[in-house]
Amino acid sequence: MNNRLGILLSGRGSNFQAISDRILAGRLNASIACVISNRPEAPGLAIARQRGLPALSIPSRGLDRESYDRLLLDQLRAHDIGLVCLAGYMRLLSAAFIRAYPLRILNIHPSLLPSFPGLDAQHQALVHGVRFTGCTVHFVDEDLDSGPIIEQAVVPVEDGDTLETLSARILVEEHRIYSEAIATVLEGRYRIEGRRVLKYPR
Ligand code: GRF
């Protein structure tokens, strides 16, 4: 697998920025070959442009999922992407897209999966009253937030937490573990047994 990353995002882009920072600091051996957003106004796209990275907006309005994903695949292939990283990408991917990149699509989710999949995971955790939540980097399969887990970090929920304070502490861990999971996958330092991702030390 080559180490050219294709980042898909829909919004703020802080996870993308953290990955980019790691690469710039020489702590992640990868390059960001393109950043694609389905939302032209996504702040993450503007950050990519400021950093001189190829940044594309492909609006999804009026297109069915398969047609849209074909456009995405065309761009990812044109940029010779080795690994697709979803970073706050707010669309489901088609089965055809997922089959095109087997074990080469990662996602970050702000909970300890399989708890609290889907939208508003931090809110779900607060409302449920769990003492610990966190974040997960996993391979993307055809179900929502369900593929094999590569990396997780635990974040305690404090009594005084609000959605904002809890989300902020989870985000710090997201930024750390996403790059670690990318390195594990790019370096092929794992094998999969059933659903378990077993990692080899560096
Ligand atoms: C993060 O909380 C991530 O876990 C979730 O969407 C959010 C994206 O944030 N999938 P950002 O755009 O990376 O700042």
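Quick caveat, the model's predicted, so the values are computed rather than measured. (Residues numbered from 1 in each chain as written. Predicted model: local features only at pLDDT ≥ 70, side-chain atom pairs only at ≥ 80, totals over all residues. Heavy atoms only, no water.)

> Teacher, can you tell me more about the packing of aromatic side chains here?
Both the distance between ring centres and the angle between the ring planes are used here to describe each pair of aromatic rings. Tallied over the entire structure, the rule returns two aromatic pairs. Each ring, one from phenylalanine 139 and one from tyrosine 190, has its centre 5.5 Å from the other, and the planes form 45°; the classification is tilted. Of this pair, phenylalanine 139 sits in strand S6 (residues 132-139) while tyrosine 190 sits in strand S8 (residues 190-193); the two residues are 51 residues apart in sequence, bridging distant segments of the chain. A residue is classified by how much of its surface remains accessible, and phenylalanine 139, at 1% relative accessible area, is buried. One cation-aromatic arrangement involves arginine 91 over tyrosine 68; the distance from NZ or CZ to the ring centre is 4.4 Å. (Phe/Tyr/Trp six-rings, centres within 6.5 Å; stacked < 30°, edge-to-face > 60°. Helix = DSSP H or I, 4+ residues; strand = E, 2+ residues; numbered from the N terminus. Buried < 20%, exposed > 50% of the residue type's maximum accessible area, 1.4 Å probe, protein only. Lys NZ or Arg CZ within 6 Å of the ring centre and 35° of its normal.)

> Any chance you could explain the nonpolar core here in plain terms?
Considering soluble globular proteins, one finds that nonpolar side chains tend to be buried as a cluster. Counting residues in hydrophobic clusters, the biggest one holds 39 residues, and the most contacted among them are Leu5 and Ile182. A per-element tally of this core places helix H6 (residues 163-186) first, with nine residues. Here this core spans two domains, and each of domain 1 (1-102) and domain 2 (107-202) adds at least three residues to it. Residue contacts for isoleucine 182: discarding those within four places in its chain leaves Leu5, Ile19, Leu28, Leu83, Cys85 and Leu106. Judged by nonpolar contacts, the second largest core, of 19 residues, contains Leu8, Ile58, Leu72 and Tyr101. (Core = buried A, V, L, I, M, F, W, Y, C linked by side-chain atoms within 4.5 Å. Domains from an automatic or database assignment. Contact = heavy atoms within 4.5 Å.)

> Before we go on, may I ask you to explain the environment of glutamine 152 in this structure?
With respect to the helices and strands, glutamine 152 occurs in strand S7 (residues 149-156). We classify glutamine 152 as partly exposed; its relative accessible area is 35%. Between the C-alpha atoms of glutamine 152 and threonine 133, which are 19 residues apart in sequence, the distance is 10.0 Å. When residues no more than four places from it in sequence are discounted, the contact partners of glutamine 152 are Leu112, Leu113, Cys135, Thr136 and Ile177. Here leucine 113 takes part through its backbone oxygen, which lies 3.1 Å from a polar atom of the side chain of glutamine 152. (Polar contact = N/O pair within 3.5 Å; in protein donor to acceptor, adjacent residues only side chain to side chain.)

> Even after reading the chapter, I still don't get the pattern of salt bridges, so can you show me in this structure?
Close approach of charged atoms allows side chains with opposite charge to pair. Counted by the stated rule, this structure contains 10 salt bridges. Measuring nitrogen to oxygen at the nearest pair gives 2.6 Å for the salt bridge that ties arginine 176 to glutamate 173. Taken together, the residues span about one helical turn, with arginine 176 and glutamate 173 both in helix H6 at a distance of three residues. You can call arginine 176 partly exposed: its relative accessible area is 35%. Sharing partners across several salt bridges, the network here consists of Glu173, Arg176 and Glu180. (Salt bridge = Lys/Arg side-chain N within 4 Å of Asp/Glu carboxyl O.)

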